[in-house]
Amino acid sequence: MAKAPTRNATPKVIVGKKVPDFTATDTDGGSWRLKDQAGSKVALFFYPKDMTSGCTVEAQQFQALLGAFKRAGTTVVGVSRDSCASHRKFIDKEGLKYALLSDSDEALCTLFDVIREKNMYGKKVMGIERSTFLIGADGTLLAEWRKLKADGHAAEVLAAAKAS
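Predicted model, so just to flag it, every value in this text is computed and none were measured.

Caption draft 1: Quick look at the layout of surface pockets. As a volume, the second largest pocket reaches approximately 220 Å³. Taken together, 10 residues line the second largest pocket, and the ones lying closest to its centre are K118, E129, R130, K147 and L148. Residue composition of the lining of the second largest pocket, grouped by class: 2 nonpolar, no polar and 8 charged.

Dropping the structure here:
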């Protein structure tokens, strides 16, 4: 496992700047590349774990608004450290119609600086802090949301996508 970034690390993505191109493994084991999304905005949301309550709520709400995101010229993509097999089960169970990227080596988590120390049942662990990034059609980071609540968040991202 890759070493987690420190909390005071310089962010690698900054609102108003181009997001570095990246490639990640999608649910079916194929490659998903940011560069291939040119001309479309991307709502990239990081979530802690497939099939957990908060992550399921967030995934369902992005799915419910998927048509509106498409009309706003925005591709929705989820990212977690789970395996492609876990993502496939999650997609099938929840009927998700957008890509989930597997970041088991934490390369994307590091690029977007979303790994944080968390308290799980009294134990300190390193995990994904629920975060979303809206990337413009030209690859510029338009907005970011960090340390957010799952419920209602997809609608907030949609509003920003429509406004940009």
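Caption draft 2: Looking closely at the pattern of salt bridges. Scanning the entire structure with this criterion turns up 10 salt bridges. Here E129 and R116 are joined by a salt bridge, their closest N and O atoms 4.0 Å apart. Of the two residues, E129 is situated in the loop between β7 (123-128) and β8 (131-135) and R116 in strand β6 (residues 115-120); the sequence distance between them amounts to 13 residues. Judged by relative accessible area, which is 11%, E129 ranks as buried. On the accessibility criterion, R116 (8% relative accessible area) is buried. What emerges from the salt-bridge pattern is a single network uniting D28, R88 and D92.

Caption draft 3: The sheet that holds strand β2 (residues 31-33), seen in detail. Reading across the sheet, the 7 strands line up as β2-β1-β5-β4-β3-β8-β9 and stay open at both edges, with mixed pairing between neighbours. Each end of this open sheet is capped by a strand with a single partner; those strands are β2 and β9 (141-146). Between one strand axis and the next, the sheet turns by 30° as a mean value, whatever way the strands run. The sheet contact formed by strand β1 (residues 23-26) and strand β5 (residues 99-102) spans 2 bridges and is antiparallel. Paired with D26 across the strands is L101, a residue of β5.

About the criteria used
Residues numbered from 1 in each chain as written. Predicted model: local features only at pLDDT ≥ 70, side-chain atom pairs only at ≥ 80, totals over all residues. Heavy atoms only, no water. 1 Å grid on protein atoms, 1.4 Å probe; cavity = no way out; pocket = protein on both sides within 12 Å on 5 of 7 lines; lining within 4 Å. Points joined across faces, edges and corners; volume = space filled by probe spheres on them. Nonpolar A, V, L, I, M, F, W, Y, C, P; charged D, E, K, R; others polar. Salt bridge = Lys/Arg side-chain N within 4 Å of Asp/Glu carboxyl O. Helix = DSSP H or I, 4+ residues; strand = E, 2+ residues; numbered from the N terminus. Buried < 20%, exposed > 50% of the residue type's maximum accessible area, 1.4 Å probe, protein only. Pairing = 2+ DSSP bridges. Axes fitted to C-alpha atoms, helices over the stretch in contact; angles between N-to-C directions.

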